[in-house]
Amino acid sequence: ARAVVRDDQAAFERSSTMRRSWPRFVLSVCVGMTFSAVSASASADDLQQFELGKNRFDGGEYAKAAERFAAMLDAALPPCTQSSGSATTSCRLTDVDLVERARAYYAASLVALDRNDEADLQIAEILRKNFQFSPDPAAFPQKVVDRFTVVRGRLRQELEAEQEKRAQQEREQRLAAERLKQAE
């Protein structure tokens, strides 16, 4: 009889613990869903602003496109939000992938305007962050693709040194993780 009482008591404690943790679980799911919704809306707003700039570029309005993309990359501007969805509002992109794409279109707009020195600065920034970046020849004129090639050639030593540094850091981290695993 005593064993039955202990089993019943253990079952009660488990169910009591589950009842106490259930509200925490529901709360954590709700918080997670809220952050996901906020993140998705910010990304959608970034995308809308990017598309507005790309529309100017695709329409051959390179000066307007350059102006829009410059604003999207301006750290002094507030991040894009639901309220910045108008065609006249300027805001800063926060999505990393869209920032890279916006910078590429900004550089392309500058090349179209024969502002090559400014374009080279934007291209160099892209390549320093992502040395494997290559503009899509289907999306950009040959003049822009060539400009990327010229800047990449100028920065080749710097980019190769940075790539080697990153590869060395990854090797060191991998070796440290293997040593830790072997020590266990």
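Our subject in this report is the structure included herewith.

Below, the discussion takes up the overall build of the protein chain. Looking only at helices and strands, the protein chain has 5 helices and 0 strands in total. Taking all 184 residues of the protein chain together, the buried fraction comes to 28%. A separation of at least 24 residues holds for 57% of the contacts in the protein chain among residues at least 6 apart in sequence. Taken as a whole, the protein chain presents about 12300 Å² of accessible surface, with 55% of it coming from carbon and sulfur.

Let us now look at the packing of helix α3 (residues 96-112) against helix α4 (residues 116-129). Axis separation between α3 and α4 bottoms out at 8 Å; the angle between their running directions is 160 degrees. Between α3 and α4, the angle is such that the two are roughly antiparallel. Crossing angle aside, the handedness with which α3 passes α4 is left-handed. Taken together, the residues of α4 that come into contact with α3 (itself represented by E100, R103, A104, Y106, A107, L110 and V111) are N116, E118, A119, Q122, I123, E125 and I126.

Our next topic: the side chain of Q122. Mapped onto the secondary structure, Q122 falls in helix α4. Classification of Q122 by relative accessible area gives buried; the value is 15%. Non-local contacts of Q122, meaning those with residues more than four positions away in its chain, are made with L73, R103, Y106, A107 and L110.

Turning our attention to α4. The first and last C-alpha atoms of α4 sit 20 Å apart over 14 residues, in line with the 20 Å expected at 1.5 Å per residue. Those residues of α4 that sit buried are A119, D120, Q122, I123, A124, I126 and L127. The inward-facing, buried residues of α4 contact α3 and α5 (142-183).

Next up on the list: the nonpolar core. One finds F57, F69, L93, A102, F140 and F148 to be the most contacted residues of the largest nonpolar core, which totals 34 residues. Among the secondary structure elements, those contributing two or more residues to this core are α1 (2-58), α2 (62-72), α3, α4 and α5. Take this core: its biggest share by element is 10 residues, from α3. If sequence neighbours within four positions are ignored, F140 has contacts with F57, A104, Y105, A108, P135 and V145.

Here we come to the side chain of R147. Secondary-structure assignment places R147 in helix α5. Within the structure, R147 has its side chain in polar contact with the side chain of D120 (distance 2.7 Å). Apart from residues lying up to four places away in sequence, R147 is in contact with V111, N116, D120, I123 and R154.

In this section: the packing of α2 against α3. Between α2 and α3, the shortest axis-to-axis distance is 9 Å and the interhelical angle comes to 145 degrees. Crossing hand, α2 versus α3: left-handed. Here α2 contributes Y62, A65, A66, F69, A70 and M72 to the contact with α3, which in turn contributes A102, Y105, Y106, S109, L110 and A112. Of the residues in the contact of α2 with α3, the class split is 11 nonpolar, 1 polar and no charged.

Where charged atoms from two side chains of opposite charge approach closely, those side chains can pair. In the structure shown here, the tally under the stated rule is 10 salt bridges. Between K129 and E125 there is a salt bridge whose closest N-O contact spans 3.3 Å. Placement of both K129 and E125 in helix α4 is noted, with a separation of 4 residues, approximately one turn of the helix. Using a relative accessible area of 57% as the deciding quantity, one classes K129 as exposed.

Basis of the calculations
- Note on numbering: residues in each chain are counted from 1, in written sequence order.
- Confidence filtering applies because this is a predicted model: local features only for residues at pLDDT of at least 70, side-chain atom pairs given and counted only at 80 or more, and all residues used for totals across whole chains, interfaces and linings.
- To obtain the side-chain values, all non-hydrogen atoms of the structure were included, while hydrogens and water were left out.
- Secondary structure elements are taken from DSSP: a helix is a run of H or I of four residues or more, a strand is a run of E of two residues or more, and numbering for both begins at the N terminus.
- Burial classification: accessible surface area is computed with a 1.4 Å probe over protein chains only, and a residue below 20% of its type maximum counts as buried, one above 50% as exposed, and the rest as partly exposed.
- Residues count as neighbours in contact if any of their non-hydrogen atoms are within 4.5 Å of one another.
- Per-residue and other accessible areas were derived by the Shrake-Rupley procedure at a 1.4 Å probe size, with only the shown protein chains allowed to occlude residues.
- Angles run from 0 to 180 degrees between N-to-C directions of axes, and those axes are lines fitted to C-alpha atoms, restricted for helices to the stretch in contact.
- Any angle from 65 to 115 degrees is called roughly perpendicular, while one under 35 is roughly parallel, one over 145 is roughly antiparallel, and all others are oblique.
- Handedness of a crossing is defined here by the sense of rotation of the near helix relative to the far one, left-handed for an anticlockwise turn of less than a right angle and right-handed for a clockwise turn.
- Helices are assigned an expected span. That span is 1.5 Å times one less than the residue count.
- Only buried residues count toward a nonpolar core. Its members are Ala, Val, Leu, Ile, Met, Phe, Trp, Tyr and Cys residues joined through side-chain atoms within 4.5 Å.
- Side-chain atoms alone can form a polar contact between residues adjacent in sequence; in general such a contact is a pair of N or O atoms within 3.5 Å, and within protein one must be able to donate a hydrogen while the other accepts it.
- Under the convention adopted here, Pro, Cys and the residues Ala, Val, Leu, Ile, Met, Phe, Trp and Tyr are nonpolar, Asp, Glu, Lys and Arg are charged, and Gly plus all remaining residues are polar.
- Any carboxyl oxygen of Asp or Glu within 4 Å of a side-chain nitrogen of Lys or Arg constitutes a salt bridge here.

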